[in-house]
Amino acid sequence: MAQAFKGFGTALAAAILAACASTPAPEPLSGDLLIRDVRTIGFEGKTPAILEHAYVLVKDGKILAVRDTADGLSAPETVDGAGRTMVPGLTDMHVHIWDEAELGAYLSWGVTRVRNMSGLSFHLPLAERIEAGEVMGPHLITTGPILNSPGPNAQINHQMVETADEARAAVAWQAEAGFDRIKVYSNLTRPAYEAIIEEAAARGLPVAGHTPEGVREEGMPDEKPFGISFEEVLADHFETIEHIESVVWHGLRNRHDEAAARALARKIAAEGVPVTATLLAHRNLLLVAETGGAATSRPGTDLLNAVEQQTEGGNFEFWARQDPAPVADDAAFYARVAKIFQEEGVTLLAGTDAGIFTNIPGKSLGEELALLTAAGLSPYDVLRSATYTPSAVLGTAGQDGCVEAGCAADLVLLPCDPLADIACAAEPAGLVYRGTWLDRAALDGLRQGAAEQDADRTMANVFGGMAEYGVDLSALTGE
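Residues numbered from 1 in each chain as written. Predicted model: local features only at pLDDT ≥ 70, side-chain atom pairs only at ≥ 80, totals over all residues. Heavy atoms only, no water.

A. Region of interest: the layout of surface pockets. When its volume is computed, the largest pocket comes out at roughly 1,400 Å³. Contributing to the lining of the largest pocket are 44 residues, with Gln155, Tyr185, Glu312, Asn315 and Ile356 lying nearest its centre. Going through the elements one at a time, helix H7 (244-251), helix H9 (279-290), helix H10 (306-310), helix H11 (313-320), helix H12 (324-343), helix H17 (455-468) and helix H18 (474-477) are the ones with two or more residues in the lining of the largest pocket. The element that contributes the greatest number of residues to the lining of the largest pocket is H17, accounting for four residues. Tallied by class, the residues present in the lining of the largest pocket amount to 16 nonpolar, 20 polar and eight charged. Roughly 470 Å³ of volume is contained in the second largest pocket. Along its surface, the second largest pocket is lined by 25 residues, and Arg113, Glu131, His139, Leu140 and Ile141 are the ones closest to its centre. Of all the secondary structure elements, the ones that give two or more residues to the lining of the second largest pocket are strand E9 (111-116), helix H3 (123-131) and strand E10 (139-142). Per-element tally for the lining of the second largest pocket: the top contributor is E10, with four residues. (1 Å grid on protein atoms, 1.4 Å probe; cavity = no way out; pocket = protein on both sides within 12 Å on 5 of 7 lines; lining within 4 Å. Points joined across faces, edges and corners; volume = space filled by probe spheres on them. Helix = DSSP H or I, 4+ residues; strand = E, 2+ residues; numbered from the N terminus. Nonpolar A, V, L, I, M, F, W, Y, C, P; charged D, E, K, R; others polar.)

Structure follows, in structure tokens:
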């Protein structure tokens, strides 16, 4: 019997040795940067893909490998993640950039990509300079100048069109200038809007923005519907529709009706059109009303472009005088609509309207994520709206917004678990930006630098760009 056990033990040992021999050692890989011991979260699926105590190797601005061991991985620079959480770089899908100075503020809060929603000619070379490494800033996607018609929502920086011919010419001009997406606005006439959709489609340009209503007539929306229905616009399959607030105004004719909101959500989901929520944009109107205007100079507002802020004086005064109660009622309903949209399968994206009013570049995205969570969305779904979902909508899924081999090395190291507390996403411990490690001190330096603005350059950017598409600047310049 003893001899039998001895034979069994010998066989078992041989089997173990054979198994070990058949398991190859990890492939040796050398990169530029190795992040040790991080908890990674992937957002591609409906539930989080979590890897504890991971090792992330970066080379040439991309993730070379993600493993559960450091065996075989080497790099001249190593960062100890100390078990903290690493997520893809964040995307803010609705910002307004006026000058390169503010770009560092976005990076300092972990925002590695932005979609600028009011394009001017300077944005195109600026985006190229960012990609070439000449300027530190988030990857910059931009629409062309906002296309609108005269009406209550018209602004001086809009490219104004009323006829079909004017609209087609404007789209052609934007395409030939190098813009690769179009933004539309609320007051567009039906002929102009339909021509924009046709011309953009012919040129392969996606369209996003506020949903055009047609000419605003007396009694709209309370007594009669808009000239262009929300459903008509929905059928044109925008890249994104901007602002839940605008969806309520146009799609619900400004009624606080949850049943109607749910029915509308089902239509939006069925058409597969994403919505950029921007709850913060309205919440900051409320904040100014609640504080009698004091919020316009709260900490962080020094990062807003000073030239743009000079144009906001009338808005600040208006909202500082408002009774906060009805504004708060609106904010609560918009939050409820966000939750209804999520329940009904509408694709939601995180965006902030940063760069205008009191919406602070970079910081606003963490505030938006907190508002969406307070509305009832899970921290996972909220983070997904700022990581994977933008990549899916923009057609770059698998290239960015992920923490896997082959993905862009734009990664945020967070000090705690954002799935347990979304506030954790509001202040990074560090950032991998285009493959380069930036610690907290470096991010603080970027934030401080963002307050050092160049007013002359801003005015050249903005006024020069507006003049190119025919804006009469005399009201601004006094000439």
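B. Focus on the state of the cysteines. One pass over the full model with this rule turns up two disulfides. Between the sulfur atoms of Cys402 and its disulfide partner Cys407 the distance amounts to 2.1 Å. Judged by the sign of its S-S torsion, about -115°, the cystine formed by Cys402 and Cys407 is left-handed. You can call Cys402 buried: its relative accessible area is 2%. Here Cys416 is linked by a disulfide to Cys424, with a sulfur-sulfur distance of 2.5 Å. Taking the torsion about the sulfur-sulfur bond, which here is approximately 140°, the covalent link between Cys416 and Cys424 counts as right-handed. Looking at Cys416, the relative accessible area reads 35%, which means it is partly exposed. Within the protein chain, bonded cysteines paired by disulfides and numbered along the sequence follow the pattern 1-2, 3-4. (Disulfide = S-S within 2.5 Å. Buried < 20%, exposed > 50% of the residue type's maximum accessible area, 1.4 Å probe, protein only.)

C. How the structure looks around H3. Looking at H3, one finds that the buried residues are His123, Leu124, Leu126, Ala127 and Ile130. On an axial view of H3, the arc spanned by its buried residues comes to 165°, and they lie on one face. Along its buried surface, H3 packs onto helix H2 (103-108), E9, E10, helix H4 (164-177) and strand E19 (430-433). Residue Gly133 follows H3 closely and has a positive phi angle near 85°. (Arc of directions from axis to C-beta. Contact = heavy atoms within 4.5 Å.)

D. Region of interest: the packing of helix H8 (residues 258-271) against H12. Running from N to C, H8 and H12 point in directions that differ by 45°, and their axes come no closer than 9 Å. As summarised for this structure, H8 and H12 are arranged oblique, according to the angle between their axes. Remark: the crossing between H8 and H12 carries right-handed chirality. Facing Glu258, Ala261, Arg262, Ala265 and Ile268 of H8, the residues of H12 in contact are Phe333, Arg336, Val337, Ile340, Phe341 and Glu343. Class assignment for the residues of the contact of H8 with H12 results in seven nonpolar, no polar and four charged. (Axes fitted to C-alpha atoms, helices over the stretch in contact; angles between N-to-C directions. Parallel < 35°, antiparallel > 145°, perpendicular 65-115°, else oblique. Left-handed = near helix turned anticlockwise from the far one by under 90°.)

E. A look at the packing of aromatic side chains. In this structure the tally under the stated criterion is six aromatic pairs. For the ring pair Phe226 and Trp249, a centre distance of 5.8 Å and an interplane angle of 50° mean the geometry is tilted. Of this pair, Phe226 sits in the loop between strand E14 (207-209) and helix H6 (230-234) while Trp249 sits in helix H7, placing them 23 residues apart in sequence. Taking the relative accessible area as the measure of exposure, Phe226 reaches 8% and is therefore buried. On the basis of relative accessible area, Trp249 is assigned to the partly exposed category, the value being 24%. With a centroid separation of 5.2 Å and an interplanar angle of 85°, the aromatic rings of Phe318 and Trp319 are classed as edge-to-face. (Phe/Tyr/Trp six-rings, centres within 6.5 Å; stacked < 30°, edge-to-face > 60°.)

F. Representation of empty space enclosed by the protein within the structure. The full count for this structure, using the stated rule, is one cavity of 30 Å³ or more. There is about 30 Å³ of room inside the largest cavity. In terms of lining residues, the largest cavity is bounded by His243, Ile244, Glu245, Ala277, Thr278, Leu279, His282 and Tyr334. Those elements that provide at least two residues to the lining of the largest cavity are H7 and H9.

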